[in-house]
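An overview of the molecular structure
Below, each chain spelled out in residue letters.
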Amino acid sequence: MPDVTIRPIQPDDDAAIAAIIRTVMPEFGAVGQGFAITDPEVDWMSRAYAAPRHAYFVVERDGRVLGGGGIAPLAGGPDDVCELRKMYFLREARGLGAGTALMARCLDAARSFGFRQCYLETLTGMDAAMRLYERSGFRRIDAPMGATGHGGCDRFYLRDV
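The paragraphs below set out a description of the structure included in this document. Just so it is clear, the model here is predicted, and its values are computed rather than measured.

Let us now look at the overall build of the protein. Of regular secondary structure, the protein possesses four helices and seven strands. N-terminal to C-terminal, the α/β element order of the protein is β-α-α-β-β-β-α-β-α-β-β. Radius of gyration (C-alpha) of the protein: 14 Å, near the 15 Å computed for a compact globule of 161 residues. On the principal axes, the C-alpha backbone points of the protein span a range of 40 × 35 × 30 Å.

This is the structure:
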């Protein structure tokens, strides 16, 4: 990864991450109700992920935030299951290895918080993301878990941490 830094989100990153989420999700048709783009926390990610057992990281290059991703307890799920959440990258950050590095950082955080499994939701068409998930040890499952509110997603994955 050429000159890419992964670090915890800070309040000054909120606008950049919100813009990334609102740029990337429409590329894949993930707009409207049932997708993370409508989650209220999109505009205040640093505050949302300051809660216990939450972590969100940004990918930065030359002082510019190019993506991010995090983990949090799975809403409506078992206490030992977290969810990989809001992992998105601008086009210029894709293919640099940042996804693999960010995934490792998120899974390390999940282990440190005592989670035993990590769940994620995505949708058809996010092929590169699904390849990353599978390379990272996630396996597809048939049905959603928890109560994420993301009814627009149609692909579900789980892995032990």
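Counting residues in each nonpolar core, the largest one holds 50 residues, and the members touching the most others are Ile-17, Ile-71 and Leu-84. The residues touching Ile-71, leaving out its near neighbours within four places in the chain, are Tyr-49, Arg-53, His-54, Ala-55, Cys-82, Glu-83, Leu-84, Cys-106, Ala-109, Ala-110, Phe-113 and Phe-115.

Using the criterion set out here, one finds one cavity of 30 Å³ or more in the structure. Among the secondary structure elements, those contributing two or more residues to the lining of the largest cavity are β4 (81-89) and β5 (117-122). Element by element, the count of residues in the lining of the largest cavity is highest for β4, at six residues. Taken together, the residues that form the lining of the largest cavity break down as 12 nonpolar, two polar and four charged.

Okay, the packing of aromatic side chains next. Remark: the centre distance and the inter-plane angle together describe each pair of aromatic rings, the angle taken between the planes. Inspection of every chain in the model, using the stated rule, returns three aromatic pairs. Through a chain of ring-to-ring contacts, the aromatic side chains of Tyr-133, Phe-138 and Tyr-157 assemble into a single cluster. The positively charged end of Arg-53 is found above the aromatic ring belonging to Phe-115, 3.8 Å away from the centroid.

It is worth spelling out the pairing of strand β7 (residues 155-160) at this point. Summarising the sheet, β5 and β7 pair through six bridges and their orientation is antiparallel. Residue pairing across strands places Tyr-119 opposite Leu-158, the latter belonging to β7. Inspection of the sheet shows strand β6 (residues 139-141) paired to β7 by three bridges, in the antiparallel sense. By the bridge assignment, Arg-139 is partnered in β7 with Leu-158.

It is at 10 Å that the axes of helix α3 (residues 98-112) and helix α4 (residues 127-135) come closest, and there the two elements cross at 50°. Judged by the angle between their axes, α3 and α4 are oblique. Both α3 and α4 take part in a crossing whose hand is right-handed. Here α3 contributes Gly-99, Thr-100 and Met-103 to the contact with α4, which in turn contributes Leu-132, Tyr-133 and Arg-135. For the contact of α3 with α4, the residue count by class is three nonpolar, two polar and one charged.

Right, let's talk about the side chain of Ser-46 for a bit. Relative to the assigned elements, Ser-46 resides in helix α2 (residues 45-48). Residue class for Ser-46 comes out buried when judged on its relative accessible area of 12%. Every residue in contact with Ser-46, bar those within four places of it in the chain, is listed here: Ile-9, Gln-10, Pro-11 and Asp-14.

For a regular strand, side chains alternate in direction, first toward one face of the sheet and then toward the other. With nine of its nine residues buried, β4 lies for the most part within the structure. Note that strand β3 (residues 64-73) and β4 share six bridges and pair antiparallel. Looking at β4, one finds that Gly-68 is bridged to Tyr-88. Note: β4 against β5, three bridges, orientation parallel.

Moving on: the layout of surface pockets. Taken as a whole, the largest pocket spans an internal volume of roughly 430 Å³. What lines the largest pocket is a set of 21 residues, among which Phe-89, Arg-94, Ala-128, Ala-129 and Leu-132 lie closest to the centre. At the level of secondary structure, the elements contributing two or more residues to the lining of the largest pocket comprise β4, α3 and α4. At seven residues, α4 tops the list of elements feeding residues into the lining of the largest pocket.

Rules and cut-offs
- Residues numbered from 1 in each chain as written.
- Predicted model: local features only at pLDDT ≥ 70, side-chain atom pairs only at ≥ 80, totals over all residues.
- Heavy atoms only, no water.
- Helix = DSSP H or I, 4+ residues; strand = E, 2+ residues; numbered from the N terminus.
- Rg over C-alpha atoms; globule rule 2.2 N^0.38 Å.
- Core = buried A, V, L, I, M, F, W, Y, C linked by side-chain atoms within 4.5 Å.
- Buried < 20%, exposed > 50% of the residue type's maximum accessible area, 1.4 Å probe, protein only.
- Contact = heavy atoms within 4.5 Å.
- 1 Å grid on protein atoms, 1.4 Å probe; cavity = no way out; pocket = protein on both sides within 12 Å on 5 of 7 lines; lining within 4 Å.
- Points joined across faces, edges and corners; volume = space filled by probe spheres on them.
- Nonpolar A, V, L, I, M, F, W, Y, C, P; charged D, E, K, R; others polar.
- Phe/Tyr/Trp six-rings, centres within 6.5 Å; stacked < 30°, edge-to-face > 60°.
- Lys NZ or Arg CZ within 6 Å of the ring centre and 35° of its normal.
- Pairing = 2+ DSSP bridges.
- Axes fitted to C-alpha atoms, helices over the stretch in contact; angles between N-to-C directions.
- Parallel < 35°, antiparallel > 145°, perpendicular 65-115°, else oblique.
- Left-handed = near helix turned anticlockwise from the far one by under 90°.

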